[in-house]
Amino acid sequence: AIDGVVALPRSWTDAWLALRPDDPGYTFDFTHNSMLAQKDSWAARNQARLRYDRFWVKLQSYTIADIELLASPVHGMGKLWPSDHFGLLLTLDRVPKEPSDL
C-alpha cells in the first residue's frame, strides 16, 4: 500500500511537506515498526507505508517552525512500540506583531 497525494483547499498547507518535501514521513510503516510486521497481517501483506497522521494548517499569526516524526520504541522495553503508527510533533512560531499593529 502506498500513500497518495491529498489535495488541500486553497490556503491550507501540509506542514510535513512544507518542511520536508523529500521525506515521505510515513507514520504507519511496516518496515520501521516491528509491531506492524508481526501483528498486522494486512500491513505486512501490503507492505504498508502510509501517512495516516498529518498536520494541515491555515496560519495567519504563526509560522511552521519544525515537525518531527515520533518513531521510537518504548525506552527500556526492547522493540515494544506504543502504537501501530507514529505520532507527529509540530512546533509553531508566533509571528511578532508589527509596532503599527499595537
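In this report, we go over the structure that sits alongside the text. As the structure is a prediction and not an experimental result, all values here were calculated from the model.

**Some points on the environment of Asp 3**
Here comes step 1: Relative to the helices and strands, Asp 3 is located in the segment before strand E1 (13-14).
Here comes step 2: Among the residues examined, Asp 3 registers a relative accessible area of 26% and is labelled partly exposed.
Here comes step 3: Once the C-alpha coordinates of Asp 3 and Arg 51 are considered, the two residues, 48 residues apart in sequence, prove to be 6.4 Å apart.
Here comes step 4: In contact with Asp 3, not counting residues within four places along its chain, are Arg 49, Leu 50, Arg 51 and Arg 54.

**What to know about the side chain of Thr 27**
Here comes step 1: Its place among the elements puts Thr 27 in the loop between helix H1 (15-19) and strand E2 (28-29).
Here comes step 2: Its relative accessible area of 0% is what places Thr 27 among the buried residues.
Here comes step 3: Among the polar contacts made by the side chain of Thr 27, one reaches the main-chain amide nitrogen of Tyr 52 at a distance of 2.9 Å.
Here comes step 4: Excluding anything up to four places from it in sequence, Thr 27 contacts Leu 50, Arg 51, Tyr 52, Asp 53, Leu 69, Asp 84, His 85, Phe 86 and Leu 88.

Thresholds, definitions, all that
Residues numbered from 1 in each chain as written. Predicted model: local features only at pLDDT ≥ 70, side-chain atom pairs only at ≥ 80, totals over all residues. Heavy atoms only, no water. Helix = DSSP H or I, 4+ residues; strand = E, 2+ residues; numbered from the N terminus. Buried < 20%, exposed > 50% of the residue type's maximum accessible area, 1.4 Å probe, protein only. Contact = heavy atoms within 4.5 Å. Polar contact = N/O pair within 3.5 Å; in protein donor to acceptor, adjacent residues only side chain to side chain.

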